[in-house]
Amino acid sequence: MGARTKARKRAADILFEAEQRGIDPLTLLADRVAVPHSEAAVPQYAVDIVEGVVAHRDRIDEVLETYSQGWTLDRMPAVDRALLRIGSWEVLFNDDVPDAVALDEAVDLAGDLSTDDSPAFVNGLLGRVKDLKPTLLA
């Protein structure tokens, strides 16, 4: 597993945990950076992801809600929500990551962390976000 893949997984873990515990992701992130709860420190790219998702969360959630075709954010599995937010942030707001890589990474993590149906769902929704990117950022 590559360094950025590990960072994405760590960011997903933080976003998921914060949502489940009902706490601010940035507060949890600061706690994890100060006192890692695993053997490894939080990678800088995981910090960048969590901060980016939080900074753009309203827009990301609006896009996901608009294009998810029959699925509200509340109905999605929480892991899928975290992965979709990460993937959307990478596609829409992080020019350092090619869109295809962001999609592949989110789909792979969905396959590892979520339901059997999640990879196809994540792929379809993020593919739509990628295709509509020029109009979403206009």
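What you are looking at is a predicted structure, and each value in this text was computed from that prediction instead of being measured.

Enquirer: Looking at this structure, how should I read the packing of aromatic side chains?
Expert: What describes a pair of aromatic rings is the distance from one ring centre to the other and the angle between the planes of the rings. With the rule as written, the count across this model stands at two aromatic pairs. Seen from their ring centres, Tyr45 and Trp89 are 6.4 Å apart, and the 45° between their planes marks the pair as tilted. With a gap of 44 residues between them, Tyr45 in helix H3 (residues 44-55) and Trp89 in helix H5 (residues 78-93) connect regions that are remote in the sequence. Given a relative accessible area of 10%, Tyr45 falls into the buried group.

Enquirer: Please explain the pattern of salt bridges as it appears in this structure.
Expert: Once their charged atoms are close, side chains differing in charge can pair, the charge on each being opposite to the other. Counted according to the given criterion, the structure contains 13 salt bridges. One salt bridge connects Glu105 with Arg8, and the closest N-O pair in it is separated by 3.5 Å. Placement of Glu105 in helix H6 (residues 99-113) and of Arg8 in helix H1 (residues 3-21) is noted, with a sequence separation of 97 residues between them. In terms of burial, Glu105 and Arg8 fall into one category: buried. Ionic pairing is found between Arg59 and Glu62, a salt bridge with its closest N-O pair at 3.3 Å. On the criterion of helical spacing, the pair formed by Arg59 and Glu62 is a turn pair, its members being three residues apart in helix H4 (residues 57-67). Taking the relative accessible area as the measure of exposure, Glu62 reaches 44% and is therefore partly exposed. What you see here is one network of salt bridges that share partners, running through Glu19, Arg57, Asp61, Arg81 and Arg85.

Calculation notes
- Residues numbered from 1 in each chain as written.
- Predicted model: local features only at pLDDT ≥ 70, side-chain atom pairs only at ≥ 80, totals over all residues.
- Heavy atoms only, no water.
- Phe/Tyr/Trp six-rings, centres within 6.5 Å; stacked < 30°, edge-to-face > 60°.
- Helix = DSSP H or I, 4+ residues; strand = E, 2+ residues; numbered from the N terminus.
- Buried < 20%, exposed > 50% of the residue type's maximum accessible area, 1.4 Å probe, protein only.
- Salt bridge = Lys/Arg side-chain N within 4 Å of Asp/Glu carboxyl O.

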